[in-house]
Amino acid sequence: MVSDSELQVAVLGLGYIGLPTAAVIARTGAKVLGVDVHAHVVDTVNSGRVHIEEIDLDALVSGVVARGNLRASLQIEPADVFVVAVPTPFGDNHAPDIGYVLKAATTIAIVLKAGDVVILESTSPVGTTEKVAELLAKLRPDLKVPGHCTGSADVAIAYCPERVLPGRILVELIDNDRVIGGITPRCARKALQFYRRFVRGACVTTTAKAAEMTKLSENAFRDVNIAFANELSLVADQMGVDVWEVIRLANRHPRVNILSPGPGVGGHCIAVDPWFLVSAAPDQTPLIRTAREVNDGKVEHVIARACAMLEADPTVRAACLGLAFKANIDDFRESPALKVATALAERFGARVSIVEPYASTLPAAFDGSGSALIDVDSALESCDTLIVLVDHEIFRSIPLEERVGKQVYDTRGIWPDQPHPAPGEPLRLAS
Ligand code: SAJ
């Protein structure tokens, strides 16, 4: 393969995965072109700025853009390696929609040449990489495409799922192990050479299908385990037991590691990807489907519980703490906290205030509700009920003396020192 400074890479999709990936590759000295369909994303990146919040990403992007190693465009250009990081949402009946992936492949086909490597990183249903190969073979009959030719193929096609955690993306892009699945073993080896340029973790090769299923299995594993914790929180509440204490104690067992209950599962991965397995094999996935239903059901449970608190006393003024889908990030996609807060705002209007340090204005879903965005200090002064929906660090650090006399519904278990409820008094609900 060519040297770092000569390598041309095109990253299709400059979102939460594509932009950090493009910037990390650009830092190795490669010339990276980020391709996106949104003009404002292209303009923002070309001016050295970022359109998403991620630790240290702004400095990295501004540096690689200033050095001329990263630029963005609406148009594809020839490259040696193409990395596809576009969304794969689900449509009706939770069926995955790989339309953006196929569109990206169609775009790549315009400039694809012998020797190029095409890598799909988007979370995808099993068999998607083969569909990409099939499409490229159809669009470029002049090239020998792996799986669709005899002898050595002209191009390599592989699947390598991203595995990074929002908030730690730049660290995990380098340190995490990568699973690289080729349409053929040769494809996997070509892609492996590329990842070795910037990945410190181990790079393990396999087939494209096994790599696709590995990614889905990782997120389904987490979803099932969170569902277990969420189910326990309902049981514990029913029994009048503190679920957080039970989990802390159970986790002292050397082979038990229960995750944390919460108001439901959000984000664009764990709440979505397990459906790709369910939709492909509905009869074989009762556990994975039920876990999804338990986690989605938890949001409804929290809404009902919080509504009951506000209905029980019309003088109650509540603050919803957090809108993000998890702690210390500004990402509200599929956020259970957002769902709970908007449901409460819609129903109780100005009696419900919102605290979200990662937002400068309330999302449009609150328009016309009468709810206001306030800061932590105002919430502690003006609200007698605190509904914890996100475990942001700033909420965790509110000391007990500032919570005295307040009714607390802590769906994240951030305040272990919160007094246990007096009989009949719902001071510390977990679920
Ligand atoms: N959550 C709980 N309890 C827990 C852990 C998480 O309620 O004990 C909730 C979070 O609050 C959040 C949701 O689950 O609403 C998902 O958060 P997360 O931190 O578990 O995962 P994501 O969506 O940020 O990132 C996941 C990661 N996958 C796994 O850990 C297996 C990440 O490594 C993947 O790269 C990412 O999905 C992805 O893009 O697929």
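Residues numbered from 1 in each chain as written. Predicted model: local features only at pLDDT ≥ 70, side-chain atom pairs only at ≥ 80, totals over all residues. Heavy atoms only, no water.

Visitor: So what's going on with a negative patch on the surface? Residues and values would help.
Guide: The grouping of D375, D377, E381, E401 and E402 at the surface amounts to a negative patch. When you line up the elements, D375 lands in the loop between strand 11 (372–373) and helix 13 (376–382). With a relative accessible area of 43%, D375 lands in the partly exposed category. (Patch = residues over 30% accessible without salt bridge, like charges linked within 9 Å, V, L, I, M, F, W, Y side chains within 5 Å. Areas by Shrake-Rupley, 256 points an atom, 1.4 Å probe, with all protein chains shown as cover. Salt bridge = Lys/Arg side-chain N within 4 Å of Asp/Glu carboxyl O. Lys, Arg positive; Asp, Glu negative; His and termini not counted. Charge placed at Lys NZ, Arg CZ, Asp CG, Glu CD. Helix = DSSP H or I, 4+ residues; strand = E, 2+ residues; numbered from the N terminus. Buried < 20%, exposed > 50% of the residue type's maximum accessible area, 1.4 Å probe, protein only.)

Visitor: Account for the sheet that holds strand 6 (residues 156–159), with residues named and values stated.
Guide: Read across the sheet, eight strands follow the order 3-2-1-4-5-6-7-8 without closing on themselves; strand pairing throughout is mixed. Looking at strand neighbours, the two that pair on one side only are strand 3 (70–73) and strand 8 (203–207), the edges of this open sheet. If you compare each strand with its neighbour and ignore which way they point, the axes differ by 25° on average. Each of strand 5 (117–120) and strand 6 is contacted by helix 5 (residues 128–139), which is oriented at about 155° to strand 6, the strand it contacts most. (Pairing = 2+ DSSP bridges. Axes fitted to C-alpha atoms, helices over the stretch in contact; angles between N-to-C directions. Contact = heavy atoms within 4.5 Å.)

Visitor: Describe a nonpolar patch on the surface, and please don't skip the residues or the numbers.
Guide: On the surface, V235, M239, V241 and V246 cluster together to form a nonpolar patch covering roughly 330 Å² of accessible area. A relative accessible area of 40% places V241 in the partly exposed class.

Visitor: A description of the pattern of salt bridges should follow, citing residues and the corresponding values.
Guide: Between side chains of opposite charge, pairing is possible as soon as their charged atoms come close. This structure, assessed with the given rule, holds 17 salt bridges. Note that R71 is salt-bridged to E77, the shortest N-O span being 2.7 Å. A relative accessible area of 28% means that E77 is categorised as partly exposed. Two residues, R140 and D142, come together in a salt bridge whose shortest N-O distance is 2.8 Å. The exposure class of R140 is buried, given its relative accessible area of 16%. It is possible to trace a salt-bridge network through shared partners that takes in D80, K113 and D116.

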